[in-house]
Amino acid sequence: MRAERPVGIDELPDRVREGLDRVEADAAHDAARAGDALLVDIRYAALRERDGLIPGAVVVERNELEWRLDPQGSHRAPEATSYDLRVVVVCNEGYASSLAAASLRQLGLHRATDLVGGFQAWRAAGLPVAPVAPVAS
């Protein structure tokens, strides 16, 4: 019996996207404004500082995502209220967010998805971006 061929990172995002109902920037903006989706920014601090933030998005570093969004988790964020929550994960260009959304679905967040093109698509669409407030020293 032959083992399955390893998927590889270049193919994996395409595979996991088959199970996601990915959203474009304008649709994500509309859903968030209507209260129908929680935008979760998983970009690392240097990218947020360089490019800014999506107003109203919850910032959760990628390495904390599952712990912060599991509604039954001991370290959950206040916004993680239900497994029915529609979460739209935002990374820089829409690759890491696909993998992150698939991971959230494995936890039971069956409506988790991601933003096509990530933050860069959001900004290119002319949607609101806020500068990161400087940290007081």
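Quick notes on the rules
- Residues numbered from 1 in each chain as written.
- Predicted model: local features only at pLDDT ≥ 70, side-chain atom pairs only at ≥ 80, totals over all residues.
- Heavy atoms only, no water.
- Helix = DSSP H or I, 4+ residues; strand = E, 2+ residues; numbered from the N terminus.
- Rg over C-alpha atoms; globule rule 2.2 N^0.38 Å.
- Buried < 20%, exposed > 50% of the residue type's maximum accessible area, 1.4 Å probe, protein only.
- Pairing = 2+ DSSP bridges.
- Contact = heavy atoms within 4.5 Å.
- Axes fitted to C-alpha atoms, helices over the stretch in contact; angles between N-to-C directions.

**Considering the overall build of the chain**
When helices and strands are counted, the chain shows six helices and four strands. Secondary structure elements of the chain occur, N-terminal to C-terminal, as α-α-β-α-β-α-β-α-β-α. For 137 residues, the compact-globule formula gives about 14 Å, and the C-alpha radius of gyration of the chain, at 15 Å, lands near that figure. Per-residue burial over the chain gives 41% buried out of 137 residues.

**Points about the environment of T81**
Mapped onto the elements of the fold, T81 is located in the loop between α4 (65–69) and β3 (87–90). For the pair formed by T81 and A133, sequence separation is 52 residues and the distance between their alpha carbons is 28 Å.

**Remarks on the sheet that holds strand β1 (residues 38–41)**
Strand order in the open sheet formed by four strands is β2-β1-β3-β4, with parallel pairing between adjacent strands. Unpaired on one side and paired on the other, β2 (58–59) and β4 (113–114) mark the two borders of the sheet. Across two bridges, the pairing between β3 and β4 is parallel. For V89, the partnering residue across the bridge sits in β4 and is D114. This element, helix α5 (residues 96–107), spans β3 and β4 of the sheet and lies at about 150 degrees to β3.

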